[in-house]
Amino acid sequence: MKNKPEKHDRLYDSVRWRKARAIFLAANPLCAMCERVGRDTPATVVHHTEKHNGDPVIFWDQSKWEPACAPCHSGWLRVQENTGTLPGCDINGLPIDPRHHWSAP
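The paragraphs below set out a description of the structure included in this document. (Residues numbered from 1 in each chain as written. Predicted model: local features only at pLDDT ≥ 70, side-chain atom pairs only at ≥ 80, totals over all residues. Heavy atoms only, no water.)

## Section: the overall build of the protein chain
Now for step 1: In terms of helices and strands, the protein chain carries six helices and two strands.
Now for step 2: Mapped from its N terminus to its C terminus, the protein chain presents α and β elements in the order α-α-α-β-α-β-α-α.
Now for step 3: Residue pairs in contact within the protein chain that sit at least 24 positions apart in sequence constitute 49% of those at least 6 positions apart.
Now for step 4: Surface summary for the protein chain: the accessible area is close to 7,200 Å², and the carbon and sulfur share equals 55%. (Helix = DSSP H or I, 4+ residues; strand = E, 2+ residues; numbered from the N terminus. Contact = heavy atoms within 4.5 Å. Areas by Shrake-Rupley, 256 points an atom, 1.4 Å probe, with all protein chains shown as cover.)

Written out as structure tokens, the structure reads:
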């Protein structure tokens, strides 16, 4: 039995989204999270860096999009959404969360 559709499901199911997603991933082919830790991983997901909750203005704002691979999107980025903190460090051992108190201003 399928759960009740979310109000933003229609946005993700649209032809407009499929085209915009394809164009964005072609222009941004590598996962931004993996790049921060020194890996080159193809991006397969467009991550919304601001929770949109179905708001079309936020949903379509490309300045709030980030290329991600599926493991980062369902792992690190989900943790960040749920806790407000991004775990992990870059190749220099510095936190990848720009809000961490060790991060450079």
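## Re the packing of aromatic side chains
Now for step 1: All told, the structure shown has seven aromatic pairs when counted by the stated rule.
Now for step 2: Here the aromatic rings of Y12 and F59 are separated by 4.9 Å at their centres, their planes lie at 80 degrees, and the arrangement is edge-to-face. Separated by 47 residues along the polypeptide, Y12 in helix α1 (residues 9-12) and F59 in helix α4 (residues 56-59) bring together distant segments of the chain.
Now for step 3: For Y12, a relative accessible area of 31% translates into the label partly exposed.
Now for step 4: Overall, F59 belongs to the buried group, its relative accessible area being 0%.
Now for step 5: On the basis of an interplanar angle of 80 degrees and a centroid distance of 4.9 Å, the ring pair of F59 and W60 is categorised as edge-to-face.
Now for step 6: Each member of the aromatic cluster is reached from another via a ring pair, and the members are Y12, W17, F24, F59, W60 and W65.
Now for step 7: Just above the ring of W60 sits the side chain of R16; from NZ or CZ to the centre is 3.8 Å. (Phe/Tyr/Trp six-rings, centres within 6.5 Å; stacked < 30°, edge-to-face > 60°. Buried < 20%, exposed > 50% of the residue type's maximum accessible area, 1.4 Å probe, protein only. Lys NZ or Arg CZ within 6 Å of the ring centre and 35° of its normal.)

## Notes on the state of the cysteines
Linking two cysteines covalently through their sulfur atoms gives a disulfide.
Now for step 1: This structure, assessed with the given rule, holds zero disulfides.
Now for step 2: As a non-bridged cysteine, C31 has C69 as the owner of its nearest cysteine sulfur, 3.8 Å distant.
Now for step 3: On the basis of relative accessible area, C31 is assigned to the buried category, the value being 0%.
Now for step 4: C34 forms no disulfide, and the closest cysteine sulfur to it belongs to C72, at a distance of 3.7 Å.
Now for step 5: You can call C34 buried: its relative accessible area is 2%. (Disulfide = S-S within 2.5 Å.)

## Focus on the nonpolar core
Now for step 1: The biggest cluster of nonpolar side chains holds ten residues, and these are L11, W17, A20, F24, L25, A43, V46, F59, W60 and W65.
Now for step 2: The biggest single contributor to this core is helix α2 (residues 15-27), with four residues.
Now for step 3: With sequence-adjacent residues up to four places away left out, W60 is seen in contact with L11, S14, R16, W17, A20 and W65.
Now for step 4: Residues C31, A68, C69 and I96 belong to the second largest nonpolar core, which totals eight residues. (Core = buried A, V, L, I, M, F, W, Y, C linked by side-chain atoms within 4.5 Å.)

## Digging into the environment of W65
Now for step 1: Mapping W65 onto the fold places it in strand β2 (residues 65-68).
Now for step 2: Assessed through its relative accessible area of 6%, W65 is described here as buried.
Now for step 3: Within polar-contact distance, the side chain of W65 engages the side chain of H48 at 3.4 Å. (Polar contact = N/O pair within 3.5 Å; in protein donor to acceptor, adjacent residues only side chain to side chain.)

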